[in-house]
Amino acid sequence: MPQGSVDLRSDTVTQPTEAMRRAMAAAEVGDDVYAEDPTVARLQARLAEMTGFEAGLFVPSGTMSNQIALAVHCRRGTEVILPEGAHIYEYEPGAMALISGVLPRLVPAPGGVPSAAAVRAAVRRSVHQAPTGLVALENTHNGAGGAVVPLESQRAVQAVARDEGLPVHLDGARAFNAAAALGVSIAEVCAGFDSVSICLSKGLGAPVGSVLLGSRGFLEEAHRYRKLLGGGMRQAGVLAAAGLVALDTMPGVLHHDHARARRLAEGLAGLPGVSLDLASVQTNMVYLTVELDGHGAAEALAARCAARGVRFNAMSPHQARLVTHHQVDDAQVERAVEVIREEAQRLAERRPASVGEAG
Ligand code: TLP
């Protein structure tokens with residue numbers, strides 16, 4: 001990254017640490033499509049043990065991991081109950097329809113948390129409707145600002161699903177962030193699910209990869225889908241080695257990212273035309289609602305800040321997302337606050353008369 005620049009686009013932008021690079025260079029490898037890569041096997045076993053599952057499957061991405069889970073759990077033509085804003089629906093470009101032939105049934109999820117009653121009401125059984133095949137939660141919930149789904153809420157939804165005879169999947173791309181925020185073990189966050197997908201390449205900082213966790217039988221079928229989708233990575237131990245270092249070194253430092261996100265949010269509170277909900281800043285994300293400059297205000301603000309080296313994403317015309325990670329330090333947070341404040345002020349001053357105070 002050029003000096004003075006701050007990359008808050010995502011926690012996916014991190015570079016592998018020196019320890020990861022050393023482990024990658026030294027990794028013992030084999031052909032993982034034959035399940036012969038010892039480093040991949042160690043990573044899978046390690047995360048399975050940490051989360052309380054029978055087994056794990058190393059896959060190239062969180063998207064593939066979620067999509068394999070859907071493919072294994074669901075029959076074609078069934079519905080998947082998802083919290084509104086779910087990554088599986090919003091950001092996995094229609095894969096659920098294309099790969100598994102399943103439909104999304106979105107339920108309201110204030111703060112990322114769907115109520116058990118809403119999930120129950122969304123279950124479909126009638127001959128006139130697509131039957132429900134799966135319930136999927138997301139923790140932390142990216143679309144809800146990285147909000148943490150409380151364990152009691154997860155348990156309430158799992159109880160409904162069990163009662164209805166439905167499997168439950170967790171998109172736990174940032175499950176370690178949830179564990180850090182709740183002060184519980186990763187096993188507690190993963191308890192009660194039939195499958196969980198965990199990303200190594202988000203806050204944990206590994207360059208590539210996710211692990212899909214479940215029962216041995218589930219993962220045998222998942223292994224077939226991974227190959228079918230082109231996710232058989234052969235000597236993948238070079239990547240899994242970085243994942244093992246990530247598991248050893250990163251979960252214990254995620255709270256620093258959370259503290260920096262809070263500092264960022266506090267520094268940006270009260271700006272003209274920019275609002276944020278401090279209560280929603282629970283992990284490493286800050287969502288801003290940008291009402292400056294008419295349509296595409298978030299993009300306008302993002303572009304102006306990017307020109308000064310502070311990068312973040314516009315997730316929709318009026319929503320900007322800032323994500324902290326282990327390569328964002330305190331000085332970078334201060335710099336980001338300064339640049340975003342200045343640029344928001346400038347945009348506010350240029351605001352057209354029809355939108356508000358004339359500039
Ligand atoms: N999310 C990315 C973008 O796709 C939005 C990001 O920058 O946050 N589940 C969740 C909850 C995610 O946030 C993501 C990545 C994934 C799954 C998919 O992971 P990858 O990018 O490895 O396919």
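Residues numbered from 1 in each chain as written. Predicted model: local features only at pLDDT ≥ 70, side-chain atom pairs only at ≥ 80, totals over all residues. Heavy atoms only, no water.

Chemist: Can you walk me through helix H3 (residues 62-73) in this structure?
Modeler: Given 3.6 residues per turn, any residue in an α-helix points the same way as the ones three and four places further on. Given a rise of 1.5 Å per residue, 12 residues ought to cover 16 Å, and the 17 Å separating the end C-alpha atoms of H3 matches this to within 8%. Counting buried positions along H3 yields 10 of 12 residues, so the element is predominantly enclosed. Every buried residue of H3 is accounted for by Gly62, Met64, Ser65, Asn66, Gln67, Ile68, Ala69, Leu70, Ala71 and His73. (Helix = DSSP H or I, 4+ residues; strand = E, 2+ residues; numbered from the N terminus. Expected span 1.5 Å × (residues − 1). Buried < 20%, exposed > 50% of the residue type's maximum accessible area, 1.4 Å probe, protein only.)

Chemist: Explain the confidence of the model for the protein here, please?
Modeler: The predicted coordinates ought not to be read in detail in places where the model reports low pLDDT. Looking at the protein as a whole, its pLDDT mean stands at 95, while 96% of the residues score no less than 70. Contacts of residues 353-359 to residues separated by more than four positions or lying in other chains number nine contacts, the stretch itself having pLDDT below 50. (pLDDT = per-residue confidence, 0-100. Contact = heavy atoms within 4.5 Å.)

Chemist: So what exactly am I meant to see when it comes to the sheet that holds strand E2 (residues 55-59) here?
Modeler: The strands that make up a sheet are held in pairs by hydrogen bonds between backbone atoms, and each pair lies either parallel or antiparallel. Here seven strands make up an open sheet; going across it, the order is E2-E8-E7-E6-E5-E3-E4 and the pairing mixed. The open sheet has two edge strands, E2 and strand E4 (103-107), and neither has a second partner. Sheet twist, expressed as the average angle between the axes of neighbouring strands with direction ignored, equals 20°. Where strand E5 (residues 132-138) meets strand E6 (residues 168-172), four bridges bridge the pair, whose relative direction is parallel. Bridge pairing in E6 links glutamate 138 to aspartate 171. Its contacts with the sheet place helix H2 (residues 38-51) against E2, strand E7 (195-199) and strand E8 (210-214), and it is angled at close to 130° to E2. (Pairing = 2+ DSSP bridges. Axes fitted to C-alpha atoms, helices over the stretch in contact; angles between N-to-C directions.)

Chemist: What's the story with the side chain of glutamine 44 in this structure? I'm lost.
Modeler: Checked against the element boundaries, glutamine 44 lands in helix H2. Given the relative accessible area of 14%, glutamine 44 is considered buried. Among all residues touching glutamine 44, those that are not within four sequence positions of it are Gly56, Leu57, Phe58 and Arg226.

Chemist: Can you help me understand the domain arrangement of the protein in this one?
Modeler: For the protein, the assigned domains are domain 1 (18-249) and domain 2 (253-349). Using only C-alpha atoms to locate each centre, domain 1 and domain 2 end up separated by 28 Å. Tallying the contact residues gives 17 residues for domain 1 and 12 residues for domain 2. In this assembly, domain 1 and domain 2 are joined by zero salt bridges. (Domains from an automatic or database assignment. Salt bridge = Lys/Arg side-chain N within 4 Å of Asp/Glu carboxyl O.)

Chemist: Where do I start with the environment of alanine 298 in this structure?
Modeler: Secondary-structure assignment places alanine 298 in helix H13 (residues 297-306). Separated by 180 residues in sequence, alanine 298 and alanine 118 place their C-alpha atoms 32 Å apart.

Chemist: For this particular structure, what's the right way to read the nonpolar core?
Modeler: General note: in soluble globular proteins, nonpolar side chains tend to be found buried as a group. Counting residues in each nonpolar core, the largest one holds 49 residues, and the members touching the most others are Phe58 and Ile198. Sorting elements by how many residues they give to this core places helix H11 (residues 237-249) first, with seven residues. One finds Leu264, Cys305, Phe312 and Val339 within the second-largest nonpolar core, a separate group that totals 32 residues. (Core = buried A, V, L, I, M, F, W, Y, C linked by side-chain atoms within 4.5 Å.)

Chemist: Please clarify how the sheet that holds strand E12 (residues 313-316) should be interpreted in this entry.
Modeler: Strand order in this open sheet of four strands is E9-E10-E13-E12, and the pairing throughout is antiparallel. Looking at strand neighbours, the two that pair on one side only are strand E9 (274-275) and E12, the edges of this open sheet. Two strands pair when backbone bridges link them, and strand E10 (residues 285-290) and strand E13 (residues 319-323) are joined in this way by five bridges, in the antiparallel orientation. Bridge pairing in E13 places methionine 285 opposite valine 323. Sheet contacts for helix H12 (residues 254-268): E10 and E13; angle to E10, the most-contacted strand, approximately 20°.

Chemist: Teacher, can you tell me more about unusual backbone geometry here?
Modeler: Each neighbour pair has its own omega, and for asparagine 139 with threonine 140 the value is 0°, a cis peptide bond. Within the secondary structure, threonine 140 is located in the loop between E5 and helix H7 (151-163). Notably, alanine 35 is not glycine yet its phi reads approximately 60°, a positive angle. Positionally, alanine 35 belongs in the loop between helix H1 (18-26) and H2. Of the residues examined, alanine 35 reaches a relative accessible area of 56% and is grouped as exposed.

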